[in-house]
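Take a look at the letters that make up each chain.
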Amino acid sequence: MRVVLLGPPGAGKGTQAQIIAGRLGVPAISTGDIFRANVSGQTELGRKAKTYMDAGDLVPDEITVAMVKDRLAEPDAKAGFLLDGFPRTIAQAEQLRSSLADLGHGLDCVLELVVDEEELVRRLSGRRMLVDGQMVQREDDKPETVRHRLEVYREQTSPLSGFYESEGLLARIDAIGEVDEVTDRALAALGADDHGQAAPEQADEA
Ligand code: AMP
């Protein structure tokens, strides 16, 4: 299955991506995680991305699209993937469509996690990550950067809902609730059964 997980920062995409991808037996590919690994590893890509990330801005499309194209060409993504945090602009969505078409594929579903903005701000400002045994706040989870990231989402990423809806690919789920409940809604929307396998009519297309 080829799935895109769409949703604002703080909607729980990272957590759900790991669980759902595990259930579907496909890799979870997070552009934010790839960028963060490059920043920690002090690579050229990380150096280019860091200023944008710290400001809560999007890394330019040409950098991001090339990185995703390389990642999708790796053997583990051949039979399917779950993209978390990509695409984030209409231009990225169009590039993704043409990269997949070159490989003879298309997306099976775009799953949007819906959470209201008040809840997002609450979640993001309280969020901490474990780094080298310590709980730290992400630079871009600081309150002023959170507000900016939500604005960037509203302006540049939210139009993707309409884009994918018009292609008949969009499924929206309420992402407020316990992690397990949200996972159940997500798997149901994807037409995957309790064991995470695609339902027969969808499995034929996968
Ligand atoms: P995330 O972990 O998905 O919230 O991503 C963290 C940061 O990485 C974002 O605020 C952007 O600066 C950058 N980033 C991640 N994915 C993309 C993307 N598809 N396009 C541009 N920038 C991205």
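See the structure printed just above.
Residues numbered from 1 in each chain as written. Predicted model: local features only at pLDDT ≥ 70, side-chain atom pairs only at ≥ 80, totals over all residues. Heavy atoms only, no water.

Caption draft 1: Here's a closer look at the site of the ligand. Inspection of the region around the ligand gives 16 residues, with Thr31, Arg36, Asp57, Gly85 and Gln92 positioned closest. Separating a nitrogen atom of the ligand from a backbone N or O atom of Val59 is a distance of 3.0 Å. Note that an oxygen atom of the ligand is positioned 3.4 Å from one of the side-chain N or O atoms of Arg138. When the free accessible area of the ligand is taken as 480 Å², the share hidden by the protein chains comes to 95%. Here the shell around the ligand gets four residues from one element, more than from any other, and that element is helix α2 (residues 31–40). Taken together, the residues of the shell around the ligand sort by class into five nonpolar, five polar and six charged. (Near = heavy atom within 4 Å. Polar contact = N/O pair within 3.5 Å; in protein donor to acceptor, adjacent residues only side chain to side chain. Areas by Shrake-Rupley, 256 points an atom, 1.4 Å probe, with all protein chains shown as cover. Helix = DSSP H or I, 4+ residues; strand = E, 2+ residues; numbered from the N terminus. Nonpolar A, V, L, I, M, F, W, Y, C, P; charged D, E, K, R; others polar.)

Caption draft 2: Quick peek at the nonpolar core. Within the largest apolar cluster, 26 residues are counted, with the highest numbers of intra-cluster contacts made by Ile20, Leu24, Leu82, Leu111 and Leu190. Elements with a minimum of two residues in this core: β1 (2–6), α1 (13–24), β4 (109–114), α6 (117–126), α7 (143–157), β7 (170–174) and α9 (179–189). Top element by residues in this core is α1. It accounts for four residues. In this structure Ile20 touches Leu82, Leu111, Ala186, Leu187 and Leu190, once residues within four positions along its chain are discounted. Residues Val4, Ala77, Phe81 and Leu100 belong to the second largest nonpolar core, which totals 20 residues. (Core = buried A, V, L, I, M, F, W, Y, C linked by side-chain atoms within 4.5 Å. Buried < 20%, exposed > 50% of the residue type's maximum accessible area, 1.4 Å probe, protein only. Contact = heavy atoms within 4.5 Å.)

Caption draft 3: The arrangement of the pairing of strand β3 (residues 81–84) in detail. Burial of the side chains of β3 extends over both faces: Phe81 and Leu83 are buried on one face and Leu82 and Asp84 on the other. Pairing of strand β2 (residues 28–30) with β3 involves three bridges; the strand directions are parallel. Following the sheet pairing, Ala28 is matched in β3 by Leu82. (Pairing = 2+ DSSP bridges.)

Caption draft 4: Quick peek at the packing of helix α5 (residues 90–102) against helix α8 (residues 159–166). At their nearest, the axes of α5 and α8 sit 10 Å apart, and the two run at 35° to each other. Side by side, α5 and α8 meet where Ile90, Ala93, Glu94, Leu96 and Arg97 of the first sit next to Pro159, Leu160, Phe163 and Tyr164 of the second. For the contact of α5 with α8, the class distribution of residues is seven nonpolar, no polar and two charged. (Axes fitted to C-alpha atoms, helices over the stretch in contact; angles between N-to-C directions.)

Caption draft 5: Region of the structure containing the sheet that holds β2. An order of β2-β3-β1-β4-β7 is seen for the five strands of this open sheet, with the pairing classed as parallel. The sheet is open, and its two edges are formed by β2 and β7, each paired on a single side. Ignoring which end each strand starts from, the neighbouring axes of this sheet average 25° apart. As judged from the five bridges shared by β4 and β7, these two strands associate in the parallel manner. Across the sheet, Val114 pairs through a bridge with Asp174, a residue of β7. Of the strands in this sheet, β2 and β3 are in contact with α2, which crosses β2 at around 60°. Here α8 sits on the sheet and contacts β1, β4 and β7; the angle it forms with β7, its principal contact strand, is near 130°.

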